[in-house]
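# Architecture at a glance
Chain residues, written in single-letter form:
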Amino acid sequence: MILYPAIDLKDGQCVRVLHGDLDTATVFNNSPAAQAASFVEAGFHWIHVVDLNGAVQGKAINEKAVEAILEAVSIPVQLGGGIRSLKDIERWIEAGVSRVILGTVAVTEPDIVHKAAKLWPEQIAVSVDVRGGKVATQGWTESSDLDAVTVAKRFEDAGVGALIITDIDRDGTVMGFNVEAFGAIADAVAIPVIAAGGLASIDDIVRLKARKGVPIAGAVLGRALYNGAISPEEALKVAA
């Protein structure tokens, strides 16, 4: 299982928020590039980056911070937040992003995801952000009437590299993973699933790995990593 330490960007800083609400942001590092470098030093093999301002506004806002991260590390970076067109995707892949995450357009304009996955095989991920059982869009500020499996199945044969399933109700809360919910989606589709939202302890990683059914491909580490509840060394050992 691949672990993805998260760098959420707001106003150029590395923050954590509660339920995606930008007004709840806690700043953990004024230098996202330094934070990224520390994750490399800790032994992680991927970094998960989200432009929170961009997700809400529908366009890249924290470009300089993302570029600084890309310059600071040599491990793969996946990036989401405000990426809504093929031109946006191309720009970031050319800049060195290994995997581009598409969320809102997966609901509103699924054709963009299909086209992108053909142009950049395995370099496109779909973010399925779930609140109260339904998929949210526009940086989680709007809700759709679609459930996660319905959205995920749209891209079953598209060549998408991963599904990032975020449990908004638990995001930032350190309540623990809803392993059953992630597992149900992994069992329903052939695309690798990355779990996000609510990770509290090493036990969450153990439970994800131990569940019967299709293996969960990865997990995003957020607040529990920043507040010291999880040690990188132990997490990586358990996930291996």
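For the chain, the Subcellular location (unreviewed entry) comment in UniProt is given as "Cytoplasm". The UniProt entry for the chain carries the following text under Sequence similarities (unreviewed entry): "Belongs to the HisA/HisF family."

### Focus on helix α9 (residues 202-210)
Listed as buried for α9 are I202, D204, I205 and L208. The buried residues of α9 occupy one face: seen down the axis, they fall within an arc of 160 degrees.

### Points about helix α1 (residues 32-41)
Among the residues making up α1, those that are buried are P32, A33, Q35, A36 and F39. End-on view of α1: buried residues confined to an arc of 160 degrees, all on one side of the axis. Where the residues of α1 are buried, they touch β1 (2-10), β2 (13-18), β3 (21-29), β4 (47-51), α3 (63-72) and α10 (223-226). The first or second residue beyond α1 is G43, which carries a positive phi of 105 degrees.

### Some details on the environment of A34
Relative to the assigned elements, A34 resides in helix α1. For A34, a relative accessible area of 40% puts it in the partly exposed group. Sequence separation between A34 and I69 is 35 residues; the distance between their C-alpha atoms is 7.8 Å.

### Describing the packing of aromatic side chains
In total, this model carries five aromatic pairs according to the counting rule given. Consider the rings of F39 and F44, whose centres lie 5.9 Å apart with planes at 90 degrees: the pair is edge-to-face. Neither residue differs from the other here; F39 and F44 are each classed as buried. Ring geometry for F39 and Y226: centres 5.9 Å apart, planes at 80 degrees, overall edge-to-face. Of this pair, F39 sits in helix α1 while Y226 sits in helix α10; the two residues are 187 residues apart in sequence, bridging distant segments of the chain. Residue classification places Y226 among the buried positions, given a relative accessible area of 15%. Lying across the ring of W92, R91 places its NZ or CZ 4.1 Å from the centre. Across the ring face of W46, the terminal group of R99 is positioned such that the distance to the ring centre comes to 4.4 Å.

Here is what the cut-offs are and how they apply
Residues numbered from 1 in each chain as written. Predicted model: local features only at pLDDT ≥ 70, side-chain atom pairs only at ≥ 80, totals over all residues. Heavy atoms only, no water. UniProt positions renumbered as here; feature names shortened; annotations may be inferred. Buried < 20%, exposed > 50% of the residue type's maximum accessible area, 1.4 Å probe, protein only. Helix = DSSP H or I, 4+ residues; strand = E, 2+ residues; numbered from the N terminus. Arc of directions from axis to C-beta. Contact = heavy atoms within 4.5 Å. Phe/Tyr/Trp six-rings, centres within 6.5 Å; stacked < 30°, edge-to-face > 60°. Lys NZ or Arg CZ within 6 Å of the ring centre and 35° of its normal.

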